[in-house]
Each structure stands twice: as C-alpha cells, then as structure tokens.
Amino acid sequence: LMSAPLLAVASEDEDGAWITFSTTDTFGADSEASRWHYWFDAQARYFDLGSGRSQWLARPAIGYAVRQDMRAWIGYARFRTRNSVGDVSTENRFWQQLDYTRRGWMDGQLTLRARLEQRSVSSGDDLGVVLRLMAKYARPIGDASNAKLVIGLEPFFNLNDTDWGGNSRLSQNRTFVGVGWQFTDRAAIEAGYMNQYLFIDAAPDRNNHLAVANFKVTF
C-alpha cells in the first residue's frame, strides 16, 4: 500500500493597522423623501508595522434606494500602495454594489452586500474583475442603545486571471469582530480586530492580524 503525503499549507503572519473615515447621507434638503445617496471613505492601511509597507485609498460613490431596505451603488476608488523599499504603485478601481439591510433580525441588524470591482493596476496590463460578498451583523450590547457588538465576514473571488494578481479563485477572506459606539446622532466609531487571510500563488499565504478603527460621520 502507498500512502499519500500530507499537504501542508504554509502562511506568514503579520500585524498591521487600518484607519478609516467614512460618511454617507442622502442628497437634498428633504432627506426623508430623497432616494439618492452619496458615500465617501478614505483609508490609511499599514502592514507589517515598521516595515514601511502601506496603502492609501479614497472611494466616492453615488447610490439609489431601490426599496427602503435595499440600495444600489456605483463608485470609483483610487489606491496608492508603497512597498518596503519605497516603490509606489497605483490602482484605479470602478465598482458596482447592491446592499440589503434587515433590521430586527435576531435582536440586531443584518447587512448583506455584493460588490463587483474592475481593477486596473500600474504594475500590469490586464483588467481584473473581483466579486466581494459581505455579511455583517450588529446587535446592542446589554441595555445600552449606543453600544453594539459587530461581526463581519467578507470573501473575495477573482473572476479572471491577470498578469499582476494571480489566478481566478478565492483570493482572500476578511473576518471582523469588534464594537460600535454611537457618540451622537451624527458621529460613531467601529473598532476591533480583523483577520485578513490572503491566498498567494507560488508563495506562502499571508495571514494579517489587523487593528481596525472606522470613524463614521453624517453631515
């Protein structure tokens, strides 16, 4: 009898921190009647702290309320990524999104999101298409109306091969656990731990352990 060798999956663990500022609101003075929304977020991401690796992005979008619990979005994102030796690459990303929110689900709020992205990177010629599926659950902590537990899961799927980013398959997964705090009617924060697991072709996978803070403001 011949025994097959066990397949060992290696990964490299790194720490990091992501800081986000985001805002979303309706257009027009009569916010109750308006179906049109805007969204903007800006992020600073730091990987392998002390190595100099970082990433910055800005992401505006316009959305439309299809129903009270569902919105459709179209947007753009600009990325700048710096590696450990100081080289900077850029990325332009167009995206379309549909999100659904169900309030009162298991005494909390469930948000489901599907986003399709078209990625163009300065280090390659191909256009990459990525599907992102997110599920996020938030519920109040105890009797506090302004504090909540937040849990999120988001897998990424490359839908085609590119000359800069690997093969079509599951490319990464993000898992988030944290808390949210509503300071005022217009300001809130979500902070916690996110595990970002990246599946790398022809190299060990990367397992990022990230401290995440998202500041949310409504004007």
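Since the structure is predicted, the reported quantities are computational estimates derived from the model, not experimental observations.

So, how was this worked out
Residues numbered from 1 in each chain as written. Predicted model: local features only at pLDDT ≥ 70, side-chain atom pairs only at ≥ 80, totals over all residues. Heavy atoms only, no water. Core = buried A, V, L, I, M, F, W, Y, C linked by side-chain atoms within 4.5 Å. Buried < 20%, exposed > 50% of the residue type's maximum accessible area, 1.4 Å probe, protein only. Contact = heavy atoms within 4.5 Å. Salt bridge = Lys/Arg side-chain N within 4 Å of Asp/Glu carboxyl O. Helix = DSSP H or I, 4+ residues; strand = E, 2+ residues; numbered from the N terminus. Pairing = 2+ DSSP bridges.

Participant: It is not clear to me how the nonpolar core should be interpreted in this structure. Could you clarify?
Facilitator: Core analysis: the biggest nonpolar cluster contains eight residues, these being Trp-18, Phe-47, Ala-138, Val-150, Phe-176, Met-194, Leu-210 and Val-212. Residues contacting Phe-176, with those up to four places away along its chain left out, are Val-150, Ile-151, Gly-152, Ala-191, Gly-192, Tyr-193, Met-194 and Val-212. Core analysis: the next-biggest nonpolar cluster, separate from the first, contains seven residues, Trp-39, Ala-61, Phe-79 and Trp-95 among them.

Participant: Help me understand the pattern of salt bridges, please; the structure alone is not making it clear to me.
Facilitator: Opposite charge on two side chains lets them pair, provided their charged atoms get close. Considering all chains together, one arrives at 15 salt bridges under this definition. A salt bridge links Arg-67 to Asp-69; the shortest N-O distance between them is 3.0 Å. Given a relative accessible area of 23%, Asp-69 falls into the partly exposed group. A salt bridge links Arg-115 to Glu-117, with the shortest nitrogen-to-oxygen separation between them at 3.7 Å. A residue is classified by how much of its surface remains accessible, and Arg-115, at 1% relative accessible area, is buried. Each of Glu-91, Arg-93, Arg-113, Arg-115, Glu-117, Arg-119, Arg-132 and Glu-154 takes part in one network of salt bridges that share partners.

Participant: For this particular structure, what's the right way to read unusual backbone geometry?
Facilitator: If a residue is not glycine, its phi is most likely negative; likewise, a peptide bond is most likely trans. Within the chain, Met-106 stands out as a residue other than glycine whose phi angle is a positive 50°. Along the chain, Met-106 turns up in the loop between strand 5 (88-105) and strand 6 (108-121). With phi around 60°, Ala-202 is a residue other than glycine that occupies positive phi space. Here Ala-202 shows up in the loop between strand 10 (187-198) and strand 11 (205-217).

Participant: What's the story with the pairing of strand 7 (residues 127-140) in this structure? I'm lost.
Facilitator: Two faces, one strand: in a regular strand the side chains alternate between the faces of the sheet. The sheet contact formed by strand 6 and strand 7 spans 12 bridges and is antiparallel. Residue pairing in the sheet places Glu-117 in a bridge with Val-130 of strand 7. Counting the residues in the hairpin turn of strand 6 and strand 7 gives five residues. Direction of pairing for strand 7 relative to strand 8 (residues 147-158): antiparallel, over a ladder of nine bridges. Bridged to Leu-131 within strand 8 is Phe-157. What sits between the antiparallel neighbours strand 7 and strand 8 is a turn of six residues, in which Gly-142 has the positive phi angle 60°.

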